[in-house]
Amino acid sequence: MKFTLITQCHMDCGYCFVKKTDERMKVEVAQKGIDFLIHSPGVNKLLALYGGEPFLEFHLIKEMTLYARKLAQSTQKNCAISICTNLAVLTDEQIDFIKKHDLKITVSLVGPETIHDRYRYFIKGAGTYKKVINNFRRLADCIPKQNLIISYVVLPLISHLVFDNFVFLLNLGLSNNFNFEIIQEFEEWTEDAQVNFFEQFDKIIDLVLKEIDKNNFIFIKYVVRELMLKGEDRRLSQMCPFFHQTELYPSGEMAFSPFLLNRKDKDCFLIGHLNVSINERYQHCTFNPAGPQCRNCLSDYSHPLEQDNKVRLVQEYYALRSQKAARFIQKNNKAYVEHCRKYLAG
């Protein structure tokens, strides 16, 4: 479950969909959200903290971490905690807390300095690459490598560089764990850009498979997720938005997408409010993949959003190619699968 702690940020990336309105989540809202997450069905939980820049609310991160871990322990649940940060500012106190509480850190990167700074910059326009990489190295020196994830930013105008930028980031030696952040509603995903991505992502998958033979593991989040999901969890992932798409906004409003936060018609897509109730449709639903409510739930919800078909094709190719790679790895390399299960399942 994703928690948007704050909408403020020290950066002003052109493609960011979050308006810097300085909304901040209150402790009471955060605790109610954690209650909702931990008490929901299932044993393994992920508390994902987003912004804006979540470390601007470090006091809240500390309170949420302690509260979530205590509640998870008392209810015999597992709760992994992840923070998605720009890492432009990082204090020694924050590093110590991250290390002590085994937090996972996801950092957005685009590629080499000139490319990264074209898209990710401070409010006054200065590039962020040097500061981010320096802070990344500080973290890499003191926390487990599997707790560091690169959120690899993919945009249409540099789609022809997807493989080269990926290899550059991999060769920094900071993390071998990647999540692909395919940007929408910024630059147009033309047919050329789509084809570029398809070809470039194929090269990345080929590299991942080739390196496995050398016992050198590179991890792509979607591939890892496919390897870890089994039985009903797999069906839940494919059909139920509550499984991995629930988003809590600072006000206590809940939806199935972070992109709705600033929409004028946001109210049409809210699934409830923590201080009021969950919408009647979702209050007593139980997972039944054969039932019409579950089969149509996500499509009924997302249909009015009118997603760009061009970016949807890119996202679908990323998903399908990752699924194919996961099936091949599952069949041919048990050591890779065991590593994922041991270190990356959270």
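Residues numbered from 1 in each chain as written. Predicted model: local features only at pLDDT ≥ 70, side-chain atom pairs only at ≥ 80, totals over all residues. Heavy atoms only, no water.

(A) Layout of the sheet that holds strand E2 (residues 44-50). With mixed pairing, the 10 strands of this open sheet are ordered in space as E7-E6-E5-E4-E3-E2-E1-E8-E9-E10. In this open sheet, the two edge strands, each paired with only one partner strand, are strand E7 (219-220) and strand E10 (272-273). As paired elements, strand E9 (residues 253-255) and E10 share 2 bridges and run antiparallel to each other. Within the sheet, the bridge partner assigned to glutamate 253 lies in E10 and is histidine 273. Sheet contacts for helix H5 (residues 129-140): strand E4 (104-109) and strand E5 (148-154); angle to E4, the most-contacted strand, approximately 155 degrees. (Pairing = 2+ DSSP bridges. Helix = DSSP H or I, 4+ residues; strand = E, 2+ residues; numbered from the N terminus. Contact = heavy atoms within 4.5 Å. Axes fitted to C-alpha atoms, helices over the stretch in contact; angles between N-to-C directions.)

(B) Fine view of the pattern of salt bridges. Under the defined criterion, the tally for this structure stands at 11 salt bridges. Linking lysine 130 and glutamate 113 is a salt bridge whose minimum nitrogen-to-oxygen distance equals 2.5 Å. Within this pair, whereas lysine 130 is found in helix H5, its partner glutamate 113 is found in helix H4 (residues 113-119), the two being separated by 17 residues in sequence. Take glutamate 113: its relative accessible area is 30%, and that puts it in the partly exposed class. A salt bridge links glutamate 211 to lysine 214; the nearest nitrogen and oxygen atoms lie 3.4 Å apart. Accessibility expressed as a relative area gives 52% for lysine 214, which makes it exposed. Beyond isolated ion pairs, a larger network of salt bridges with shared partners links Asp22, Arg24 and Glu57. (Salt bridge = Lys/Arg side-chain N within 4 Å of Asp/Glu carboxyl O. Buried < 20%, exposed > 50% of the residue type's maximum accessible area, 1.4 Å probe, protein only.)

(C) Geometry of the packing of helix H1 (residues 27-38) against helix H2 (residues 58-74). Running from N to C, H1 and H2 point in directions that differ by 30 degrees, and their axes come no closer than 10 Å. As far as their axial angle goes, H2 and H1 are roughly parallel. Considering the relative orientation of H1 and H2, their crossing is right-handed. Contacts between H1 and H2 pair Val27, Ala30, Gln31, Ile34, Asp35 and Ile38 from the former with Leu60, Glu63, Met64, Tyr67, Ala68, Leu71 and Ala72 from the latter. Classifying every residue of the contact of H1 with H2 by side-chain character gives 10 nonpolar, 1 polar and 2 charged. (Parallel < 35°, antiparallel > 145°, perpendicular 65-115°, else oblique. Left-handed = near helix turned anticlockwise from the far one by under 90°. Nonpolar A, V, L, I, M, F, W, Y, C, P; charged D, E, K, R; others polar.)

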